[in-house]
Amino acid sequence: MDIVIGLIRNVLEEGFIYGIMAVGVYITYRVLDLPDLSVDGTFPLGACVTAALIRAGVNPWCALLIAFICGAAAGCVTGLLHVRLRITDLLSGILVMISMWSVNLVITGGSAVVQFYNKATIFNSGIAALFKGDLRVWRVLILVALVCVVVKLLLDLYLRTKSGLLLRSAGDNPQYVISLGRDPGTMKIIGLAIGNGCTALAGSVLAQQAESANIQSGTGMVVMALAAVIIGTNIFRKARFVKATTAVIFGSILYKACLVIAMQLGLPTNYLKLLMAVIFTIALVTNDMLGRRKKQNGHSN
Amino acid sequence: MATQINCDTGFVGLRHIKKTFNPGSVNEVVLFTDFNLEIPKNQFVAVVGSNGSGKTTMLNLLCGSVPADSGEITIGGRDIMRLKEHQRSKFIGRVFQDPSKGTCPELTILENMALADNKGLSYGLSRGVNKKRVDYYRSRLELLRLGLEDKIHLPVASLSGGQRQALALLICTMTPLDLLILDEHTAALDPRSSETVMELTDRLVKEKNLTTLMVTHNLKYAIGYGDRLIMLHRGGIVLDVSGENKSALHTKDLTDKFNEISIEDGN
């Protein structure tokens, strides 16, 4: 029983951590309709920045914030490449993803893995110290859920502000943004900054939990985030009372659960990324089928 | 009805406009070689013309969605040639043929109106919908007589084409405009919605005293509405009537003119 609870806890912890990234990617992929590949580079960016800061003795909560800002800056670069230099969205993402590799190596001082054991992280200092006894094993889950929910609520709030409404219009009908006297390109840049900021934040949280940063930790993040977004929004497609941001976090947890179940059933670790791709493909195809059915129903009405 | 170019001091002015599409290629199309149009303030101009006559290009040049090769475009005395499309939108309002272009379908009616109400101000982190303005939005929606005032929390995507176009028109004219551009804005609607939208257009233009440029294929509307009528053909103005001459105009006069042009073309 303990093993099962442990597994569930593990799924939830990782689900929430990657959920932070998924709500960010929801903004770029679903709201703005931009498939942003730079998250593969900004996720480890968040981790590496955090490692460097924590080793330097910076407060771990500040490290989260700085990681977010660094990710947002990288997102701005993707946006500028795409919007101002008119490079396609996919290529802009790839360019930033590749360049992050070097940036991350510079930040870590050339090593692929940076450890910071026994340093203060959000999981062992500050409010984490309040969790004693039986609660101790749950502290990671409680903290990651807290960060994830706060990010989600802030994004929900943002999407209802003037800027947020304009961002939603930029994805839905750029011509409308133009008629309001605004440049939809600027809104795309803001969206990419938010998306990559959240991704770097997720990277920072993961690094603090593992007490180490790995510059290779970004591989497959695009796939994971997009799968979470698509699974989440499809499952809750009919449920209007569930906010899309909430749905996306559930999507992330569910996706992680699928991976853990497969591992528990004896799938060798080497096949993990392949499995990730397969689940993503299934999610994409179902998404397409559901979309087509919706369209057909729409016509018959 | 001689071909003439109205040279009143123009509030809106297109002068010596040159525009060639795909220059230097086999698909080269020379549309405007020396196009001139002056529109005085508060005038409502209807524009007719066959396909390819340059109507839509003229609107695109004004809005900035297509750049002119050379010439001068002024609105209210300022040169707007170098302004980008979204910068020109601050004082030019445009309603498109496609009703879905003038609003954001995913947002509610209320959110759409709140966004439009804020045009010209900054779009920052304050609450998107100002609760104090909701009653005002409702009163504006009542003008449409479509019952939309009771549906303000519905996404615009759930409205019909006619409702959307009426809303787009209302939204477009919420903030002060120097020029209202109507780009075949009733063409995609059924006859009844089309009448409703056209009536609404007339009411709004009169209420706000808007300088208006309306492109239409509907000759009845071109004759029935507006102070001046222009017919374009191959990038030139072939008919320009206003005042009493326009009131005396019949649909048949226009169809005759169209036929005359086609004969010249050898069709």
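Since this is a predicted model, take the numbers as computed values, not measurements.

Enquirer: Any chance you could explain the overall build of chain A here in plain terms?
Expert: Across its full length, chain A carries eleven helices and two strands. What you see for chain A is a C-alpha radius of gyration of 19 Å, in line with the 19 Å of a compact globule of 301 residues. In terms of overall dimensions, chain A has C-alpha extents of about 60 × 45 × 35 Å along its principal axes. When each of the 301 residues of chain A is scored for burial, the buried share is 53%. When the accessible surface of chain A is summed, it comes to about 13,700 Å², and 66% of that surface belongs to carbon and sulfur atoms. Distance from the positive charge centre (25 side chains) to the negative charge centre (13 side chains) of chain A: 6 Å.

Enquirer: Help me understand the sheet that holds strand 5 (residues 78-79) of chain B in this model?
Expert: Sheets are built from strands that pair by backbone hydrogen bonding, the pairs being arranged parallel or antiparallel. All names here are of chain B. Strand order in this open sheet of four strands is 2-1-4-5, and the pairing throughout is antiparallel. Lying at the two open borders of the sheet, with one neighbouring strand each, are strand 2 (29-39) and strand 5. Relative to strand 2, strand 1 (residues 12-21) runs antiparallel, the two being bridged by seven bridges. Each bridged residue has a counterpart across the sheet, and for V12 the counterpart in strand 2 is I39.

Enquirer: Even after reading the chapter, I still don't get the pattern of salt bridges, so can you show me in this structure?
Expert: Should the charged atoms of two oppositely charged side chains come close, the side chains can pair. One pass over the full model with this rule turns up 16 salt bridges over all chains. As a salt-bridge pair, D183 of chain A and R84 of chain A come within 3.2 Å of each other at their nearest N and O atoms. Highlighted residues: D183 of chain A in the loop between helix 7 (174-179) and helix 8 (184-210) and R84 of chain A in the loop between helix 3 (60-83) and helix 4 (89-108), separated in sequence by 99 residues. The partly exposed category is assigned to D183 of chain A, whose relative accessible area is 21%. Between D117 of chain B and R133 of chain B there is a salt bridge, and its shortest N-O distance comes to 2.9 Å. Taken together, the residues span a long stretch of sequence, with D117 of chain B in helix 3 (residues 109-117) and R133 of chain B in the loop between helix 3 and helix 4 (134-142) at a distance of 16 residues. One salt-bridge network, in which partners are shared between bridges, spans R168 of chain A together with E106 and E111 of chain B.

Enquirer: Would you mind going over the environment of M58 of chain B with me for this structure?
Expert: Structurally, M58 of chain B is set in helix 1 (residues 55-63). On the basis of relative accessible area, M58 of chain B is assigned to the buried category, the value being 2%.

Definitions and cut-offs
- Residues numbered from 1 in each chain as written.
- Chains lettered and ligands numbered in written order.
- Predicted model: local features only at pLDDT ≥ 70, side-chain atom pairs only at ≥ 80, totals over all residues.
- Heavy atoms only, no water.
- Helix = DSSP H or I, 4+ residues; strand = E, 2+ residues; numbered from the N terminus.
- Rg over C-alpha atoms; globule rule 2.2 N^0.38 Å.
- Buried < 20%, exposed > 50% of the residue type's maximum accessible area, 1.4 Å probe, protein only.
- Areas by Shrake-Rupley, 256 points an atom, 1.4 Å probe, with all protein chains shown as cover.
- Lys, Arg positive; Asp, Glu negative; His and termini not counted.
- Charge placed at Lys NZ, Arg CZ, Asp CG, Glu CD.
- Pairing = 2+ DSSP bridges.
- Salt bridge = Lys/Arg side-chain N within 4 Å of Asp/Glu carboxyl O.

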